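Coordinate analysis (summary)
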Amino acid sequence: MSKTVTALNGARFADGIADVAELPMQGMITLRGDLGMAALKKAVKSNTSLVVPDQGQVAQNDAYTVAWMSPDEVLILCPYAEVQAIIAKLDKALIRAHALAVDVSDARAMFQVAGVHARAVMAKLAPVDVSERGFQPGMFRRTRLAQAAAAFWVADADTFHIICFRSQGQYMFDLLCVAAQKGSEVGRF
Amino acid sequence: MLILTCPCCGQTGEESEFHAGGEAHLTRFGPGSSDDDFEGYMFMRQNPKGVHFERWRHVYGCGKWFHAARCTMTLEVFGTYPAQTLEPPQDLRDEISAKRPGWSWGAVS
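Residues numbered from 1 in each chain as written. Chains lettered and ligands numbered in written order. Predicted model: local features only at pLDDT ≥ 70, side-chain atom pairs only at ≥ 80, totals over all residues. Heavy atoms only, no water.

Attention now moves to the overall build of chain A. When you go through chain A residue by residue, the secondary structure sums to four helices and 11 strands. Relative to its length of 189 residues, chain A is compact, with a C-alpha radius of gyration of 17 Å against a globular reference of 16 Å. Projected onto its principal axes, the C-alpha positions of chain A cover 55 × 40 × 30 Å. Within chain A, counting contacts between residues at least 6 apart in sequence, those at least 24 apart form 60% of the total. Within the structure as shown, chain A displays about 9,200 Å² of accessible surface, and the carbon and sulfur contribution to it stands at 51%. (Helix = DSSP H or I, 4+ residues; strand = E, 2+ residues; numbered from the N terminus. Rg over C-alpha atoms; globule rule 2.2 N^0.38 Å. Contact = heavy atoms within 4.5 Å. Areas by Shrake-Rupley, 256 points an atom, 1.4 Å probe, with all protein chains shown as cover.)

Written as structure tokens, this is what we have:
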């Protein structure tokens, strides 16, 4: 099998107010269908031990993350090696339903912004209230970071995870690095 | 700057997260229609000073289309409602009437 690499080969920028890093290969499955359907809820639960999150929310445990993307779509994050097995199980569980599970792992890039100024970095780029009150752990937001579409959530205290298209990976990394450059603390969060 | 709330995903964002999709509630006239009807559908648009209804798409968010009612003068957004409607919902019209007595928009008032 060919060697899989991330968009930027694990690029990292640790010389600023927050630590920006590209995350390693991450399995991602887009699951579309009626999110209220019992078969779909059951399939997600049995594969990830997570309940399908409510609107605008994300559910996570040690191995998996399930994010609410739109009224008919969830994104399942899982270990890269498990993607095909999970898709096969989802397909089997949803064979009679109008639903679709697709491997999008290689279509995406994923970044992490960590540190006490992580919220300031995000606030510079997204038209979203990312204060501690406005954006809490468990929330999931699809929006734009500067000119690129992105989705982000709080992975744990002071750490944001960001997903974008792989083709925009370099742009996203450059953007985050500029927003995190030395001496650019905002002092608002 | 417009602040819109997407009725599909419940997120409130400013207008750069959305994309405008032109006038709402157009009736399509296709093959077999009269030239006048087709011309009206193709070219004739409301251009009000005041209450206006538009289609918007949450392009950087959930990707869904929806409708929005706003004021072209003040940029006040009266409300948003699902795309699967042929005319503005009554409760929204009542709300607009309270703020802009006597308003009308095409055949809607």
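Here we take up the sheet that holds strand β3 (residues 19-23) of chain B. Residues and elements named next belong to chain B. Here four strands make up an open sheet; going across it, the order is β3-β4-β5-β6 and the pairing antiparallel. Each edge of the open sheet is held by one strand with a lone partner, namely β3 and β6 (77-82). Direction aside, the axes of adjacent strands within the sheet are offset by 30 degrees on average. Two elements, β3 and strand β4 (residues 51-57), share three bridges in a ladder whose sense is antiparallel. Within the sheet, the bridge partner assigned to His-19 lies in β4 and is Arg-57. Packing against the sheet, helix α2 (residues 90-99) makes contact with β4, β5 (65-71) and β6, and its axis sits at approximately 170 degrees to β6. (Pairing = 2+ DSSP bridges. Axes fitted to C-alpha atoms, helices over the stretch in contact; angles between N-to-C directions.)

The subject of this paragraph is the interface of chain A and chain B. Taken residue by residue, the interface counts 17 residues in chain A and 13 residues in chain B. Here chain A meets chain B over a buried area of about 1,100 Å², counting both sides, of which 44% is carbon and sulfur. Considering only the surface of chain A that becomes buried against chain B, Arg141(A), Arg142(A) and Arg144(A) emerge as the three largest contributors, covering 41% of it. Taken together, the links from chain A to chain B amount to three salt bridges. Residue Arg144(A) is joined to Glu14(B) by a salt bridge in which the shortest nitrogen-to-oxygen separation is 3.2 Å. At the boundary of chain A and chain B, one finds 12 residue pairs in polar contact (both at pLDDT 80 or more). A total of five residues in the side of chain A that touches chain B trace back to one element, the largest contributor, which is strand β9 (residues 140-145) of chain A. (Buried area = accessible area lost by both parts, 1.4 Å probe. Salt bridge = Lys/Arg side-chain N within 4 Å of Asp/Glu carboxyl O. Polar contact = N/O pair within 3.5 Å; in protein donor to acceptor, adjacent residues only side chain to side chain.)

Here we take up unusual backbone geometry. Most peptide bonds are trans, and most residues other than glycine sit at a negative phi. Residue and element names in this part refer to chain B. The phi dihedral of His-25 falls on the positive side, at around 60 degrees, and the residue is not glycine. Positive phi, normally seen in glycine, also occurs at Leu-75, with a value near 65 degrees. Within the secondary structure, Leu-75 sits in the loop between β5 and β6. Judged by its relative accessible area of 35%, Leu-75 falls in the partly exposed class. (Buried < 20%, exposed > 50% of the residue type's maximum accessible area, 1.4 Å probe, protein only.)

Residue and element names in this part refer to chain A. According to the domain assignment, chain A contains domain 1 (12-24 + 110-179) and domain 2 (27-106). Between the C-alpha centres of domain 1 and domain 2 the distance comes to 23 Å. Of the roughly 940 Å² buried between domain 1 and domain 2 on both sides combined, carbon and sulfur atoms contribute 61%. For domain 1, the biggest contributors to the area lost against domain 2 are Gly-138, Phe-140 and Arg-142; these three give 51% of the whole. Scanning the region where domain 1 abuts domain 2 turns up four residue pairs in polar contact (both at pLDDT 80 or more). Secondary-structure elements contributing two or more residues to the side of domain 1 that touches domain 2 are β9 and β10 (148-156). With three residues, the top contributor of residues to the side of domain 1 that touches domain 2 is β10. Looking at the side of domain 1 that touches domain 2 residue by residue, the class counts come to seven nonpolar, one polar and two charged. (Domains from an automatic or database assignment. Nonpolar A, V, L, I, M, F, W, Y, C, P; charged D, E, K, R; others polar.)

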